[in-house]
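# Summary of the model geometry
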There are 6 protein chains.
Amino acid sequence: MTQAPFKTAIVRKEHFNAAHRLHNPQWDDTQNAKVFGKCNNPNYHGHNYDLEVKVIGFCDPQTGYVMDAKVLSDLIKKEVLYPFDHKNLNIEVPEFQGLNPTAENIARVIYEKLRPSIHPEMDLKIKLYETPRNFVEFPYE
Amino acid sequence: MTQAPFKTAIVRKEHFNAAHRLHNPQWDDTQNAKVFGKCNNPNYHGHNYDLEVKVIGFCDPQTGYVMDAKVLSDLIKKEVLYPFDHKNLNIEVPEFQGLNPTAENIARVIYEKLRPSIHPEMDLKIKLYETPRNFVEFPYE
Amino acid sequence: MTQAPFKTAIVRKEHFNAAHRLHNPQWDDTQNAKVFGKCNNPNYHGHNYDLEVKVIGFCDPQTGYVMDAKVLSDLIKKEVLYPFDHKNLNIEVPEFQGLNPTAENIARVIYEKLRPSIHPEMDLKIKLYETPRNFVEFPYE
Amino acid sequence: MTQAPFKTAIVRKEHFNAAHRLHNPQWDDTQNAKVFGKCNNPNYHGHNYDLEVKVIGFCDPQTGYVMDAKVLSDLIKKEVLYPFDHKNLNIEVPEFQGLNPTAENIARVIYEKLRPSIHPEMDLKIKLYETPRNFVEFPYE
Amino acid sequence: MTQAPFKTAIVRKEHFNAAHRLHNPQWDDTQNAKVFGKCNNPNYHGHNYDLEVKVIGFCDPQTGYVMDAKVLSDLIKKEVLYPFDHKNLNIEVPEFQGLNPTAENIARVIYEKLRPSIHPEMDLKIKLYETPRNFVEFPYE
Amino acid sequence: MTQAPFKTAIVRKEHFNAAHRLHNPQWDDTQNAKVFGKCNNPNYHGHNYDLEVKVIGFCDPQTGYVMDAKVLSDLIKKEVLYPFDHKNLNIEVPEFQGLNPTAENIARVIYEKLRPSIHPEMDLKIKLYETPRNFVEFPYE
C-alpha cells in the first residue's frame, strides 16, 4: 500500500488532578466574585482534568504509525503530567503566575509546552475536559 | 500572555428526555412504514438526548474565557431544555409542526434557536446524541 | 482446576428506547401532577433504557461458563427488546396495563419475564438505567 | 400487581468539584509525605467527585416509587453539593476539621449527613468516585 | 423548512474484537522489537475496537435524514464487522497481508472498504479506538 | 471520629489487552465450534479487558484508608498486568495451560493470584469486563 493521499490523526488520552482558583489580580474582590462566582473561592477547588492530545500528519509506510503512541504518552507525562498532577496551578506552576488558569488558558499552555517537541510538519491540537460536561479545544481553526 | 493567534472552542454538555415519532404527512402509511420502520410507531417512542453546544472564538485576555460556561448553560436551559425536556416533540414543540423530528432536524432547530444569542463573531456548532451509538453534528463545514 | 467454592456472576448489557408517562388512574389530575410532575405529561416523553441482566451461579468446569452470554443475550432480545423497543409502554405493552411504568416497575416486570427461562438454581438480578443519572436494581436483598 | 416480595434499590448520581490534601496532624512532615505521597501537597490538589446515593426499600404500590428521585436529588443538593461543591474540604467543610478527607472518610461523612433524612426502614449506601479509576463504597456489609 | 445551507454529519458507532501483532517483515527481529515493543509479540494480543463512521452531506427534506442510520449500520456490518470480528487480522483478513495492522492502517482500510458504498457527493470519515486511551481519525483534512 | 461500625470497600480499575480463544481440548472440533462459536477461532481474537479490584475492610483511623490505592495498583500491575498484558493467554500464561480462558476463569485466576497479598481480614472481589457489554464478578456470595 502506497502512502495515503490524506493525513491521519492520532490521539492519546491522559489525565491529571489539580487545584485552582479563577482570579484576575487587576480587579477588586467584588468584580472577581461577580465574574468568576464560586470558581473565585480563595481557598481553591479542584478537578480531574482529562486531556486529549491529537497529532496530525502522514502515516509512515515503514511503521504504519503517524507517531508512536508510547512516545507521545511519554512526552505528555514529562511536559504536562509531571509538572501539573496533584499541584496547585496558581501557586506551583510557573506558567500560571499572572495567567488565570481557566480551561482555555490551561489548554493553550499545554499546547505551547508540547509544540516544540512535535515534528514541525505535523499539526497539534489539545482537548481538555475540566468536568465531564465542560471542555475546551485549542487551537480551533 | 498576549491574545492567542488561534481561536479556542468551549463546549457545554446538557441532556433532555423526549418522545417523538418519525413521519412524513405527505406520504401514506405504507411509505412511512417502509422508510422509518419502527421509528414510525404512531404511539411514539423516546430518547435521552445528549446535547453538546460548541462556541468558537478568541479567548478574552481579561477573563481567560471564550464565553462563561455558566452563561452558555443558562442559555441552553432557557432555549432548549425548558421547551423540549419531558415533552412530545411532534405534538408540543412548535418548531416540529410540519418538520420531522429526526436527529438531523432537531440539531438544526437547536442551532437556529441558539444562534441569535451567541456573539456574531463567534461560531456555533451542535452535536446531538439520539442514542449512545447514533449522533449528528450541525453545521458541518 | 476443580469447581470453584464460590459462585460467579455474569452480566449482559442491552438497551431499548421507549415512550412512557407516569400516572395513577385512581388519582385525579391534580394529585397526579403533584406526585409525578413533568413525568405525568399526557403526551408522553421517552428514554434510552440501558439494561444489565445478571445471572449468578457456579461456573461449569466443562465450558468455563456460568451461562453462555449469547444465549442470555438472545433471551433478553426475545423477552424484553422485541416487545419493548420503540414502543409506548403505557399503550402497547400488556404488562403495564394498570401498572405505572416507573423504572422500579419496569425492572420488576423484566425480572418476572426472564425468571422462568433462567436455571432455577441460578439467581437473577436486574439493573435498569432510566437516564445516566437515575437507575434501579431489582431484586435487592 | 401486589407488593413485590423483594426490595428495590434506586440510585441517583450527582457530582461536585473540591480541593483537598491528605494529612495527619499527629504525624511529622516526613511521616505524612511517606504515607500520603503527592496527595500530601500543602498547596492542595482537587477532584471532580462523582457520587452515587442508593436507597433500598419496598416499592410503594400507589406510586411505583421506592422514593421520588427528585426528592432524593434535592436532598443531596442540600446536604452535600451546596456545602462541598467548589470548596476546600480541609479548610471550609466543618466535618473535616480533624478528619482526613480521604475518599473513605468523605463517603462516610456523606452517609452520616444523609442518613437522618432517609426513611428509617430504608437502607442507604454511598459510592464515591475520587477519579474514574478510584472509588469507595460505604457502608459495605 | 427549506434545505439547510449547511451540511450535517451523522455518525454510527459499532465495535469488533480482533487479534493482531505489529510487525514489518522487511526488518529483522531486533528492529521489530525495538520499534513495536510488546505489540510485536509473535503470539498476538487483541483489542475491542470501537469504530465511529461519519457521513457528511445535505439533509434530505423529504426524510429529514442525511442517510438512514440503519442502512449505514448494515453496511458497516457487511463490510467491516463480518470480515473482522473475532478474527486474527494478520492471518485472516486479506487487506492486512503485507500491511501492518496499526490503528492508522486499519482505519484507512475501513475507509477504503466503505467509500464505494457511500454517495459520491457525501464525505466519509473514520474514527477507530484501539483502546479507550488511543484512537485515530482518517482522513484528517 | 471513632472507627466506623461498618466496613468500607475501595476499588481500583486497571486494564490490559490480550489474545485468547475458547477451547476444550477434551472435545472434538465440532463440539468446540458448536459450544464456543466464533470465540473458538484457532487463530485467536482479543479484547481490552477492564479490571476492577475491590478490597473490603475497616478504615484505618490513622490514615483514613482501607488500603493505600497506590499499593493496590502496584500489586495489580505486578500480579496481573505484567504477566497478562499484550500476551496470548492460551499460549503464554501458565495458569491457562489446561484452563479455558473464559471471562469467568480469568476472573477466578486473578482472584487467586491477588488473594495471598491482601490482608487476611479483608475481603477481595474481582469484576472483569471482556467487552463493554459483557462482564463477570467473582466471587459472588
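As the structure is a computational prediction, the values presented were derived from the model and not from experiment. (Residues numbered from 1 in each chain as written. Chains lettered and ligands numbered in written order. Predicted model: local features only at pLDDT ≥ 70, side-chain atom pairs only at ≥ 80, totals over all residues. Heavy atoms only, no water.)

## Comments concerning the overall build of chain A
Our working definition: Here a strand is any run of E in DSSP of at least two residues, a helix any run of H or I of at least four, and the numbering for each starts at the N terminus. Partly exposed describes any residue whose relative accessible area lies between the buried limit of under 20% and the exposed limit of over 50%, with all areas from a 1.4 Å probe on protein chains only and scaled to the type maximum. By definition in these notes, contact holds between two residues if any of their heavy atoms fall within 4.5 Å. For every accessible area listed, the method is Shrake-Rupley and the probe measures 1.4 Å; residues are considered covered only by the protein chains on display. Under the counting rule used here, the positive set is Lys and Arg, the negative set is Asp and Glu, and His together with the chain ends is not counted. Here the site of a charge means NZ on Lys, CZ on Arg, CG on Asp, or CD on Glu.
A count of helices and strands for chain A gives four helices and five strands. For chain A, the N- to C-terminal ordering of α and β elements is β-α-β-α-β-α-α-β-β. In terms of overall dimensions, chain A has C-alpha extents of about 65 × 30 × 25 Å along its principal axes. Looking at chain A as a whole, 62% of its 141 residues are labelled buried. Within chain A, contacts between residues at least 6 apart in sequence are counted, and of these 67% link residues at least 24 apart. Accessible area for chain A stands at about 5,900 Å²; split by element, carbon and sulfur atoms hold 53% of it. Distance between charge centres in chain A, computed from 17 positive and 19 negative side chains, equals 3 Å.

## Here we look at the interface of chain A and chain E
In plain terms, the rule: Accessible surface is computed with a 1.4 Å probe, and the buried area is the amount of it that two parts give up when combined, taken over both parts together. Salt bridge, as used here: a side-chain nitrogen of Lys or Arg that lies within 4 Å of a carboxyl oxygen of Asp or Glu. Each polar contact in these results corresponds to two N or O atoms within 3.5 Å; when the atoms are within protein, one needs to be able to donate a hydrogen and the other to accept it, and residues that are neighboring in sequence are counted only if both atoms are side-chain atoms. Each residue gets one label: Ala, Val, Leu, Ile, Met, Phe, Trp, Tyr, Cys and Pro are nonpolar, Asp, Glu, Lys and Arg are charged, and the others, such as Gly, are polar. A strand pair is defined by DSSP finding two or more bridges across the two strands.
The interface of chain A with chain E comprises 27 residues on the first partner and 26 residues on the second. Between chain A and chain E the total buried area reaches about 2,200 Å² when both faces are included, carbon and sulfur atoms providing 52% of it. Where chain A touches chain E, the interface holds two salt bridges. A salt bridge links E137 of chain E to K54 of chain A, with the shortest nitrogen-to-oxygen separation between them at 3.1 Å. The interface formed by chain A and chain E includes 12 residue pairs in polar contact (both at pLDDT 80 or more). Looking at the side of chain A that touches chain E, the elements that each hand over two or more residues are β1 (7-20) and β2 (45-57) of chain A. Along the lines of polarity and charge, the residues of the side of chain A that touches chain E split into 12 nonpolar, seven polar and eight charged. Bridge count between β1 of chain A and strand β5 (residues 134-140) of chain E: five bridges; the pairing is antiparallel. Opposite I10 of chain A, over in β5 of chain E, you have V136 of chain E as the bridge partner.

## Remarks on the arrangement of the chains
There is no contact between chain B and chain D; across them, the least C-alpha separation is 14 Å. Left apart from each other, chain A and chain F have a closest C-alpha approach of 14 Å.

## Section: the pairing of strand β5 (residues 134-140) of chain B
Counting buried positions along β5 of chain B gives seven out of seven residues, so the element sits mostly inside the fold. Turn length for the strand β4 (residues 123-131) of chain B-β5 of chain B hairpin, with the two strands adjacent in sequence and antiparallel, is two residues.

## Some words on unusual backbone geometry
Cis geometry marks the peptide bond from F138 of chain C to P139 of chain C, where omega comes out at -15 degrees. Residue H86 of chain E is not a glycine yet carries a positive backbone phi of 60 degrees. One can find H86 of chain E in the loop between α2 (69-84) and β3 (87-88).

## Quick look at the side chain of H45 of chain D
If you trace the backbone, H45 of chain D turns up in strand β2 (residues 45-57). Engagement of the side chain of H45 of chain D in a polar contact is seen with the side chain of H47 of chain D, the distance being 3.5 Å. The contacts of H45 of chain D, once residues within four sequence positions are left out, are N17, A18, A19, H86 and K87 of chain A together with A18, A19, H20, K38 and C39 of chain D.

## Describing the confidence of the model for chain A
Which entries qualify depends on this criterion: You can read pLDDT as the predictor saying how much it trusts each residue, on a scale of 0 to 100.
For chain A, per-residue confidence averages 96 on the pLDDT scale, and residues scoring 70 or more make up 97% of the total. The complex prediction reports pTM at 0.95, with the ipTM value standing at 0.94.

## As for the relation of the copies chain A and chain E
Worth spelling out the cut-off: To superpose the copies, least squares is applied to the C-alpha atoms of every residue with a pLDDT of at least 70 in both.
For the match of chain A to chain E, the screw axis carries a shift of 0.0 Å, the RMSD comes to 0.0 Å, and the turn is 120 degrees. What we have between these two chains is a three-fold relation. In terms of proximity to the rotation axis, the leading residue of chain A is E141 of chain A, whose C-alpha is 6.8 Å off the axis.

## Focus on the interface of chain C and chain D
If you look at the interface, chain C gives 26 residues, while chain D gives 27 residues. Both faces combined, the contact of chain C with chain D buries some 2,200 Å², and carbon together with sulfur accounts for 52% of it. Sorting the residues of chain C by area buried against chain D places E104, R133 and Y140 of chain C first, and these three jointly supply 32% of that buried surface. Taken together, the links from chain C to chain D amount to two salt bridges. The salt bridge partner of R133 of chain C is E14 of chain D, with a shortest N-O separation of 2.8 Å. Among the secondary structure elements, those contributing two or more residues to the side of chain C that touches chain D are α1 (29-36), α4 (103-114) and β5 (134-140) of chain C. Per-element accounting of the side of chain C that touches chain D gives the leading share, seven residues, to β5 of chain C. A per-class count over the side of chain C that touches chain D returns 14 nonpolar, six polar and six charged.

## With respect to the pairing of β2 of chain A
Residues and elements named next belong to chain A. Counting buried positions along β2 yields 12 of 13 residues, so the element is predominantly enclosed. Here β1 runs beside β2; their pairing, made up of 13 bridges, is antiparallel. Bridge assignment links F16 to a residue of β2, and that residue is Y49. As defined by bridge partners, β2 adjoins strand β4 (residues 123-131) across seven bridges and the pair is classed as antiparallel.

## Describing the state of the cysteines
How we decide: The disulfide definition used here is simple: a pair of cysteine sulfur atoms within 2.5 Å.
This model, assessed by the stated rule, comprises zero disulfides over all chains. In this structure C59 of chain D is a free cysteine whose sulfur lies 14 Å from that of C39 of chain C, the closest cysteine sulfur available.

## Things to note about the packing of helix α2 (residues 69-84) of chain C against α4 of chain C
Residues and elements named next belong to chain C. Test applied: Axis definition: a line fit to C-alpha positions, over the contact stretch in the case of helices; interaxial angles, taken between N-to-C directions, run 0 to 180 degrees. Any angle that falls under 35 degrees is termed roughly parallel, while one over 145 is termed roughly antiparallel, one within 65 to 115 roughly perpendicular, and all others oblique. Should the near helix be turned counterclockwise from the far one by less than a right angle, the crossing is left-handed, whereas a clockwise turn marks it as right-handed.
Direction vectors running N to C along α2 and α4 enclose 135 degrees, while the axes themselves pass 10 Å from each other. Between α2 and α4, the crossing angle belongs to the class labelled oblique. Crossing geometry of α2 relative to α4 is assigned as right-handed. Every residue of α4 that contacts α2 at L75, I76, E79, V80, P83 and F84 is listed here: I106, V109, I110, K113 and L114. Residues belonging to the contact of α2 with α4 are distributed by class as follows: nine nonpolar, no polar and two charged.

## Description of helix α4 (residues 103-114) of chain D
The α-helix advances 3.6 residues per turn, and as a result positions three or four apart in sequence lie on the same side. Residues and elements named next belong to chain D. For clarity, the threshold we go by: What a helix is expected to span follows from its residue count: subtract one and scale by 1.5 Å.
Compared with the 16 Å implied by 1.5 Å per residue over 12 residues, the 17 Å span of α4 between its first and last C-alpha is a close match. In terms of burial, α4 is a largely internal element, 11 of the 12 residues being buried. Along α4, the residues that are buried comprise A103, E104, N105, I106, A107, R108, V109, I110, Y111, K113 and L114.

## So, the side chain of K127 of chain E
Residue and element names in this part refer to chain E. By secondary structure assignment, the location of K127 is in strand β4 (residues 123-131). Of the side chains with opposite charge, E52 comes closest to the buried, unpaired K127, at an N-O distance of 4.3 Å. Ignoring sequence-local partners within four residues, the contact set of K127 consists of D50, L51, E52, F135, V136 and E137.

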